[in-house]
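Structural description and commentary
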Amino acid sequence: MKGIKDQTYYEILEVSLTATAKEIQRAYEHAKETFHADSLAVYSLFSGEEVKEIQEAIEEAYRVLMDEALRRSYDQSHFQMVGGQPPEKPSEAQGVSRGKKTSLSFTGLSFNDEEGLYRGKTLKQVRERMGVELQTVSKETKINIKILEWIEEETFEKLPALVYLKGFLKSYAQSLGLDPQKVTEEYIRFVEESKKR
Amino acid sequence: MIWTIGGGKGGSGKSFITANIGICLSKLGIRVVLIDADLGGANLHTFLGISPPGLSLSDFIKKRVSHLREVLIPTAIPNLQLLTGAQDLLNAADSKSVQKRKLVRSIQSLESDTILVDLGAGNSLSVLDFFLMSDGGILVVTPEPTSIENTYRFLKSAFYRRLKQSVSSSSVKALIDSAMDQKNEMGIQNPHDLIRAVRRMDEGDAQRIIEEAATFHPNLILNQVRSKKDIEIGFSIRSACLKYFGIHLHYLGYVVYDQDVVNSIRRRRPLVLENPRSRAAQCLMEIASKLANSH
């Protein structure tokens, strides 16, 4: 039973010491969704100040754990301090995998970025944070790399017809461990709104 | 194994869930006794499609019958029996601890594998005690602010009551009582503040509180979910409880909003019998099988 200030970054994000980048990403999305200012699950339990403190802790934990060098340094300093052994390297290879989801079995969790929408730059940001090359995604999903670039760069005029785009977005989202339905819906909405403008 | 179903708001579906999970378990060959302890509106019999029963727990307490099994009401469903007598049960829970435990022992001695107690809404001390005395407490919540708010209120009361029961010092007990009031003078806003304050008074009690919190694992069922986003609320409640109380809430599952539920209640026919292929019935069966596996 620890206050947020006493929790390790792993405890803050509710991940194991050997969590992969994909697991950390998913946990971060869940944490952001849970401790959102308007979240039904927290407003009557925490004060606004407490929520803000938790949000900051989540961001900091995510920033450190998603950066291999920072994470290594954190593990070394933290676990030496508490007299334990640094965790083993994550067993699952970092990056995309066709593996089945192992946690939160009856839902895919998702988050909104600050603008509340999955768009090209958000997907790129998530992929880069996970240290995954676009080429790897292309190989994994069998989507032409050019199309993936257009999706990320939001080059709408070059994107394929909607019916194909939906399929590509779904596969791309799955490869990053994101909620395919949410990513597809939000990206398409973003495309449509941009076209109107 | 005694499971209590409580917390949340009236109308969140506790009786509906108790009755239907009870039937699912009995269909799995588990001998089940359902106990209706909903003071606000004891109508578990309606969810089972039977008339208001004549015999109740009070016939046993007033020694009109010699054994508790004589007040059990059989149902048309094999392996499933009903026990009513909410008022007597909760009055007993209000009485001295020895009597409470005696009653619980009598209930445990019934020839059954699982006992499901529908506690109804509210967080009176007697309801809290019964919730805490059972082998597993289940909270039924709908994905609405009022329901979640009431559930947290119930959980907070149960949590602090459990902590209070675990400590020995009377001044620490008084401190826990005060901490229940969010505007307390000591500035205790959450369980972490409480531990810090207790530690200053009695290190042993602080340790006991930490240990007690670590063994408190209530369960959660989310009812009437309409979207994926609603389902996620269950996970968020679990995370919020971990951060706030430091407790591991077990998200047992969810039941989808389904017109078949409304229809089955109107017909006074349990959903899992009336329409076992409906989406809500499938959800209930999944939850029941989790409970069955925890035997």
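Residues numbered from 1 in each chain as written. Chains lettered and ligands numbered in written order. Predicted model: local features only at pLDDT ≥ 70, side-chain atom pairs only at ≥ 80, totals over all residues.

Looking only at helices and strands, chain B features 14 helices and 8 strands. For a compact globule of 295 residues, the expected C-alpha radius of gyration is about 19 Å, and chain B comes in at 19 Å, within 12% of that figure. The buried share among the 295 residues of chain B stands at 49%. Sequence-distant contacts in chain B: of pairs separated by 6 or more residues, those separated by 24 or more amount to 72%. (Helix = DSSP H or I, 4+ residues; strand = E, 2+ residues; numbered from the N terminus. Rg over C-alpha atoms; globule rule 2.2 N^0.38 Å. Buried ≥ 20, exposed ≤ 12 C-beta atoms within 10 Å, placed from the backbone. Contact = placed C-beta atoms within 7 Å.)

For the rest of this paragraph, the subject is the interface of chain B and chain A. Across the boundary between the two partners, chain B contributes 24 residues, which contact 22 residues of chain A. Among the secondary structure elements, those contributing two or more residues to the side of chain B that touches chain A are α7 (145-166), α9 (191-201), α10 (203-214) and α11 (228-244) of chain B. Residue contributions to the side of chain B that touches chain A peak at 12 residues, all from α11 of chain B. Classifying every residue of the side of chain B that touches chain A by side-chain character gives 15 nonpolar, 5 polar and 4 charged. (Nonpolar A, V, L, I, M, F, W, Y, C, P; charged D, E, K, R; others polar.)

This next bit is on the environment of leucine 83 of chain B. Residue and element names in this part refer to chain B. With respect to the helices and strands, the residue leucine 83 is situated in strand β4 (residues 80-84). Taking C-alpha positions, leucine 83 is 9.9 Å from glutamate 70, a pair spaced 13 residues apart along the chain. In contact with leucine 83, other than residues within four places in its own chain, are Val33, Ile35, Leu57, Val71 and Leu72.

All right, on to the sheet that holds strand β3 (residues 73-74) of chain B then. Two strands in a sheet stick together by hydrogen bonds in their backbones, pointing the same way (parallel) or opposite ways (antiparallel). Residues and elements named next belong to chain B. Reading across from one edge, β3-β4-β2-β5-β1-β6-β7-β8 is the order of the 8 strands in this open sheet, with mixed pairing throughout. Here the strands that pair on one side only, and so sit at the sheet edges, are β3 and β8 (250-256). Note: strand β2 (residues 32-36) against strand β5 (residues 114-120), 5 bridges, orientation parallel. Looking at β5, one finds that leucine 34 is bridged to leucine 116. Helix-sheet contacts for helix α1 (residues 14-27) involve β1 (2-6), β2, β4, β5, β6 (136-141), β7 (219-225) and β8, and the interaxial angle to β5 is about 170°. Across the sheet, helix α14 (residues 279-293) lies against β1, β7 and β8, angled at about 160° from β8, the strand it touches most. (Pairing = 2+ DSSP bridges. Axes fitted to C-alpha atoms, helices over the stretch in contact; angles between N-to-C directions.)

Take the domain arrangement of chain A next. Residues and elements named next belong to chain A. Segmentation of chain A into domains returns domain 1 (4-81) and domain 2 (120-196). Computed over C-alpha atoms, the centres of domain 1 and domain 2 are 26 Å apart. If you look at the interface, domain 1 gives 5 residues, while domain 2 gives 5 residues. When grouped by side-chain class, the residues that make up the side of domain 1 that touches domain 2 number 2 nonpolar, 1 polar and 2 charged. (Domains from an automatic or database assignment.)

Core analysis: the largest hydrophobic core is formed by 106 residues, its most contacted members being Leu13, Ile24 and Ile58 of chain A together with Ile21, Leu116, Ile221 and Leu284 of chain B. Excluding residues within four positions of it along the chain, isoleucine 21 of chain B makes contact with Leu116, Leu284, Ile287, Ala288 and Leu291 of chain B. If you look at the next biggest cluster of nonpolar residues, it comprises 16 residues, including Tyr118, Leu123, Val126 and Leu148 of chain A. (Core = buried A, V, L, I, M, F, W, Y, C linked by C-beta atoms within 7 Å.)

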